[in-house]
Amino acid sequence: MAYYYPEPSHTFSEYLLVPGYTSEECVPDRVSLRTPLVKYRKGVEEPAISLNIPMTSAVMQSVSNDTLAIALAKEGGISFIFGSQTVEDQAAMVAKVKGYKAGFVTSASNLTPDHTLADVLALKAKNGFSTVAITEDGTAHGKLLGIVTSRDYRVSRMNPDDKISSFMTKREKLIVAPKDTTLKEANDIIWDHKLNSLPIVDENDHLMYFVFRKDYASHKANPLELLDKEKRYLVGVGINTRDYATRIPALLEAGADVLVIDSSEGYTCWQSKTIAWVREHYGDTVKIGAGNVVDKDGFRFLAEAGADFVKVGIGGGSICITRETKGIGRGQATALIEVAAARDEYFKETGIYVPICSDGGIVHDYHMTLALAMGADFLMLGRYFARFDESPTNKVMVNGAYMKEYWGEGSNRARNWQRYDLGGSTKLSFEEGVDSYVTYAGPLHDNVEASLYKVKSTMCNVGVINIPDLQRDAKLTLVSSVSIVEGGYHDVQLRNGPTSK
């Protein structure tokens, strides 16, 4: 006879945190959100990789590319670049992230002296950048011959066919710096010479980077940015259980810092075989997460297989329809609570702490705090990040409002059947994700800052200033449907808005 759980599974929206004692030290500015990403011996060693904020971006085409990875690393989190693309394209995205030095920008607008003013204007309209590098071959790392900024031309007094060579600021008039220049040194040169940008060149006068006055200020404004020992941003990648033997070496060569097996179901022999291959070829030097699972058995299986972290959740994402199409899954809160207990039990037995990631089910900002209180070490977010400027999708107008495109990896649009295929000659012919829109929300920095301030403020209400203490001291209560209604506005008439609900 099948096993029946005695209690229904619950979502985050069915829980509330109960306030605790707030001392003088419990203020948001003192709250630390630092958290382990990979397994370690708690109390004996430090994790090989920790996050400065408990946020990771989902392994999705519509979410995690190199642009978002850089933006999130600046805030202290990490992106897992999607694997539903060729090995070469995924490795190229990783290389872009690792090649981005904090404060040093690879030129995105490049032309040759033979191009025209019309080309400059078209490039500016396309990407919004006013500084154009003029190189011998028109590439970002060609021999530097000059630059063009808005100060070098006046559209009303020039012909669109005028060649760039006739109005650019030539190389001999440029102030440049060598490749070993530090960010502080570059900033000193910028201020001493009243520059807006400083080209960094190699010994052969090939352009390497620009340092912009505004980017230095931005760099200083991100004290939590997530960097490796060489001061490069950390980046993760998604892999599958089929082509890992060719994909993983290429991604590691490109500089990937951590891997995660991307699947809606992690309790499989295929994931253990993938982890075993990594351990055989790289030992413990390569970090690899696995998942997803929803109970103790799934967690134990992946922990014993050697996973560095375990993702929790099936069918809880906003575009995931696994539960609808297959009738399988579990409420995210219930799954997380059970897996967190299994993690703690495993730690007591082995001395090894395997972090868990809550993947899915986050609809409101307060759900983040609930997930952390229930035991998540960090969160994986898809819809949340898809709304921002830095996500790879188009911004479109829908019914008078700006939206961003958002689709699931199990949708026909993604066509990532390697993620779901269980082998055999018959391929899956149904979807486990939808194609949709999410409301455009602006820049990542502003939104992450606002969301995490809410998390910190709530932690202070609980009476804690770090995540381990939140997991230890939090008190949570289930709420009734009537209580949920009570928690919002009610019995009032909103000004210029709908009537009360």
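Scroll up to find the structure this text is about.
So, here is what we can say about the structure in this document. (Residues numbered from 1 in each chain as written. Predicted model: local features only at pLDDT ≥ 70, side-chain atom pairs only at ≥ 80, totals over all residues. Heavy atoms only, no water.)

Side note on the overall build of the chain
- When its secondary structure is counted, the chain shows 16 helices and 22 strands.
- The buried share of the chain, taken over its 501 residues, is 51%.
- Nonlocal contacts in the chain, meaning residues at least 24 apart in sequence, comprise 64% of its contacts between residues at least 6 apart.
- Just so you have it, the chain exposes about 23900 Å², and 51% of that area is on carbon and sulfur atoms. (Helix = DSSP H or I, 4+ residues; strand = E, 2+ residues; numbered from the N terminus. Buried < 20%, exposed > 50% of the residue type's maximum accessible area, 1.4 Å probe, protein only. Contact = heavy atoms within 4.5 Å. Areas by Shrake-Rupley, 256 points an atom, 1.4 Å probe, with all protein chains shown as cover.)

Examining unusual backbone geometry
- For the bond from Gly-291 to Asn-292, the omega torsion is 10°, close enough to zero to count as cis.
- The residue Asn-292 is located in strand β15 (residues 288-293) in this model.
- The phi dihedral of Lys-194 is positive, around 55°, even though this residue is not glycine.
- Relative to the helices and strands, Lys-194 is located in the loop between α4 (183-192) and β11 (197-201).
- Of note in the backbone geometry, Asp-205 takes a positive phi value of approximately 65° without being a glycine.
- By the secondary structure assignment, Asp-205 is in the loop between β11 and β12 (207-212).

Remarks on the packing of helix α2 (residues 87-99) against helix α6 (residues 244-254)
- Contact geometry for α2 and α6: axes closest at 8 Å, N-to-C directions at 20°. For the element pair α2 / α6, the angle class is roughly parallel. Crossing of α2 over α6 shows right-handed handedness. Residues Val-87, Gln-90, Ala-91, Val-94, Ala-95 and Lys-98 of α2 touch α6, and the partners they reach there are Thr-246, Arg-247, Ala-250, Leu-251 and Ala-254.
- In the contact of α2 with α6, the residues fall into seven nonpolar, two polar and two charged. (Axes fitted to C-alpha atoms, helices over the stretch in contact; angles between N-to-C directions. Parallel < 35°, antiparallel > 145°, perpendicular 65-115°, else oblique. Left-handed = near helix turned anticlockwise from the far one by under 90°. Nonpolar A, V, L, I, M, F, W, Y, C, P; charged D, E, K, R; others polar.)

Focus on the side chain of Thr-181
- Secondary-structure assignment places Thr-181 in the loop between β10 (177-178) and α4.
- For Thr-181, a relative accessible area of 6% corresponds to the buried category.
- For Thr-181, the side chain forms a polar contact with the main-chain oxygen of Pro-178, separated by 2.6 Å.
- When near neighbours in sequence (up to four residues on either side) are disregarded, Thr-181 contacts Phe-104, Ala-186 and Ile-200. (Polar contact = N/O pair within 3.5 Å; in protein donor to acceptor, adjacent residues only side chain to side chain.)

A look at the sheet that holds strand β18 (residues 378-381)
- Spatially, β4-β5-β13-β14-β15-β16-β17-β18 is the arrangement adopted by the eight strands of the closed barrel, whose pairing is parallel. Here the average twist between neighbouring strands, direction ignored, is 25°.
- Alignment of β15 against strand β16 (residues 309-312), held across four bridges, turns out to be parallel. Each residue of the ladder has a partner; that of Gly-289, found in β16, is Phe-309.
- Contacting β13 (236-239), β14 (258-261) and β15, helix α7 (residues 269-282) runs over the sheet at an angle of about 170° to β15. (Pairing = 2+ DSSP bridges.)

Considering the sheet that holds strand β8 (residues 144-148)
- Strand order in the open sheet formed by four strands is β6-β7-β8-β9, with mixed pairing between adjacent strands. Strand pairing shows two members of the sheet lacking a second neighbour, β6 (110-111) and β9 (169-170), which therefore form its edges.
- Taken together, the two bridges between β6 and strand β7 (residues 132-135) define a ladder with parallel strand orientation. Following the sheet pairing, Asn-110 is matched in β7 by Ala-133.

Focus on the packing of aromatic side chains
- One pass over the structure, following the stated rule, counts 16 aromatic pairs.
- Aromatic side chains Phe-80 and Phe-309 sit 6.0 Å apart centroid to centroid with 55° between the ring planes, which places their arrangement in the tilted category. Separated by 229 residues along the polypeptide, Phe-80 in strand β5 (residues 78-81) and Phe-309 in strand β16 bring together distant segments of the chain.
- Look at Phe-80 and you get buried, because its relative accessible area is 0%.
- Overall, Phe-309 belongs to the buried group, its relative accessible area being 0%.
- Three or more aromatic residues joined by ring pairs form one cluster here, namely Tyr-40, Phe-347 and Tyr-353.
- Above the ring of Trp-191, the side-chain terminus of Arg-213 is found at 4.2 Å from the ring centroid. (Phe/Tyr/Trp six-rings, centres within 6.5 Å; stacked < 30°, edge-to-face > 60°. Lys NZ or Arg CZ within 6 Å of the ring centre and 35° of its normal.)

Quick word on the state of the cysteines
- All chains considered together, the criterion is met by zero disulfides.
- Just so you know, Cys-460 is unpaired, no disulfide at all, and the nearest cysteine sulfur is the one on Cys-26, 5.4 Å from it. (Disulfide = S-S within 2.5 Å.)

Let's talk about the pairing of β14
- Alternating residues of β14 divide into Val-258 and Val-260 and Leu-259 and Ile-261, and every residue in both groups is buried.
- As judged from the four bridges shared by β13 and β14, these two strands associate in the parallel manner. Its bridge partner being in β14, Gly-238 is matched across the sheet by Val-260.
- Each parallel crossover has a hand, and for β13 linked through α6 to β14 it is right-handed.
- Remark: the β14/α7/β15 crossover connection has right-handed handedness. (Right-handed = clockwise from strand over helix to strand, strands pointing away.)

Points about the nonpolar core
- Counting 112 residues, the largest nonpolar core has Met-55, Phe-299 and Phe-385 as its most contacted members.
- Those residues in contact with Met-55, other than ones at most four positions away along the chain, are Leu-72, Gly-77, Ile-78, Met-368, Leu-379, Leu-381, Tyr-384, Phe-385, Val-448, Ser-451 and Leu-452.
- Core analysis: the second largest hydrophobic core is formed by eleven residues, Leu-117, Val-132, Ile-164 and Met-168 among them. (Core = buried A, V, L, I, M, F, W, Y, C linked by side-chain atoms within 4.5 Å.)

Structural notes on α2
- In this model, α2 (13 residues) spans 18 Å end to end at C-alpha, consistent with the 18 Å of a helix rising 1.5 Å per residue.
- Looking only at α2, the buried set comprises Val-87, Gln-90, Ala-91, Met-93, Val-94, Val-97 and Lys-98. For α2, the angular spread of the buried residues around the axis is 155°, confining them to a single face. Summarising the geometry of α2, the exposed residues directed more than 90 degrees from the buried face are Glu-88 and Lys-96.
- Against the buried residues of α2 lie α1 (66-75), β5, β13 and α6. (Expected span 1.5 Å × (residues − 1). Arc of directions from axis to C-beta.)

A short note on the pattern of salt bridges
- What the rule picks out here adds up to 22 salt bridges.
- Note that Arg-300 is salt-bridged to Glu-345, the shortest N-O span being 3.6 Å. Placement of Arg-300 in helix α8 (residues 296-305) and of Glu-345 in helix α10 (residues 332-350) is noted, with a sequence separation of 45 residues between them.
- A residue is classified by how much of its surface remains accessible, and Glu-345, at 32% relative accessible area, is partly exposed.
- Here Asp-365 ties to Lys-454 by a salt bridge, and the two come within 3.0 Å at their closest N and O atoms. (Salt bridge = Lys/Arg side-chain N within 4 Å of Asp/Glu carboxyl O.)

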